[in-house]
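Observations on chain architecture
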Amino acid sequence: MFPTDFSSASIAALPYAPSIANEQGAELTLLYVTDKKSDEMPLSKMNSLDNLTEKLRKLTPGSLKSGKAVQVEVLYGQVIENIVQFSHDQKSDLIIMGLKSPPAFFADRRLWLYASAIISDAYCPVLTVRQVV
């Protein structure tokens, strides 16, 4: 499973997902979680939810070598909890996610807040790929 927020750090980790899936003959799911529920959004923003799904589809590397299609999912709610629960529900074998490179002075302790929570709560291994700048 590859959760993304469409940041450059996340996209930098994307090539690892199909590569590992192909090597293992596994399925691949790309996931985006938003904290906005569809019933809380004005009608004009509803189309943006469709746009999120389309944006995920544009990231997909097509079919995997194993012949399995790449799945895309958009979920609504708490980011950390949804990523962990979705990976558990789907019986994911691995979560692959990108990390921002730390600044020259590593003063921001919140830099990898989501990643550390996902790593500690996940039911499967988590591969983190740090963006090289």
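These notes cover the structure that comes with them. Everything quoted here is computed from the prediction, not taken from an experiment.

This part is about unusual backbone geometry. Working note: non-glycine residues mostly have negative phi, and peptide bonds are mostly trans. For Phe6, which is not a glycine, the phi torsion comes out positive at approximately 70°. Tracing the chain through its elements places Phe6 in the loop between β1 (2–3) and α1 (8–13). For Phe6, a relative accessible area of 17% puts it in the buried group. Unlike most non-glycine residues, Lys91 shows phi in positive territory, near 55°. Residue placement: Lys91 occurs in the loop between α4 (79–89) and β4 (95–99).

Once that is clear, we can look at the packing of aromatic side chains. All told, the structure shown has one aromatic pair when counted by the stated rule. For the cation-ring pair, Lys55 lies above Phe6, with the distance from its terminal atom to the ring centre recorded as 4.5 Å.

With that settled, consider the sheet that holds β1. Read across the sheet, three strands follow the order β1-β2-β3 without closing on themselves; strand pairing throughout is parallel. Bordering the open sheet on either side are β1 and β3 (70–76), each of which pairs with just one other strand. Direction of pairing for strand β2 (residues 28–34) relative to β3: parallel, over a ladder of seven bridges. Counted as the bridge partner of Val33 is Leu75 from β3. α4 contacts β1, β2 and β3 of the sheet and is inclined by roughly 155° relative to β2.

Before going further, it helps to examine the layout of surface pockets. The computed volume of the largest pocket comes to approximately 470 Å³. Considering the residues around the largest pocket, the lining is formed by 21 residues, among which Asp5, Ser7, Met97, Gly98 and Tyr114 are closest to the centre. For the lining of the largest pocket, the secondary structure elements donating two or more residues are α1, β2, α4, β4 and α5 (113–121). For the lining of the largest pocket, the leading source of residues is α5, giving four residues.

In this section: the environment of Ala115. In this fold, Ala115 is placed in helix α5. Expressed as a C-alpha distance, the spacing of Ala115 and Leu99, which sit 16 residues apart in the sequence, is 7.6 Å. Among all residues touching Ala115, those that are not within four sequence positions of it are Met97 and Leu99.

Rules behind the numbers
- Residues numbered from 1 in each chain as written.
- Predicted model: local features only at pLDDT ≥ 70, side-chain atom pairs only at ≥ 80, totals over all residues.
- Heavy atoms only, no water.
- Helix = DSSP H or I, 4+ residues; strand = E, 2+ residues; numbered from the N terminus.
- Buried < 20%, exposed > 50% of the residue type's maximum accessible area, 1.4 Å probe, protein only.
- Phe/Tyr/Trp six-rings, centres within 6.5 Å; stacked < 30°, edge-to-face > 60°.
- Lys NZ or Arg CZ within 6 Å of the ring centre and 35° of its normal.
- Pairing = 2+ DSSP bridges.
- Contact = heavy atoms within 4.5 Å.
- Axes fitted to C-alpha atoms, helices over the stretch in contact; angles between N-to-C directions.
- 1 Å grid on protein atoms, 1.4 Å probe; cavity = no way out; pocket = protein on both sides within 12 Å on 5 of 7 lines; lining within 4 Å.
- Points joined across faces, edges and corners; volume = space filled by probe spheres on them.

This is a description of form; function is not addressed.
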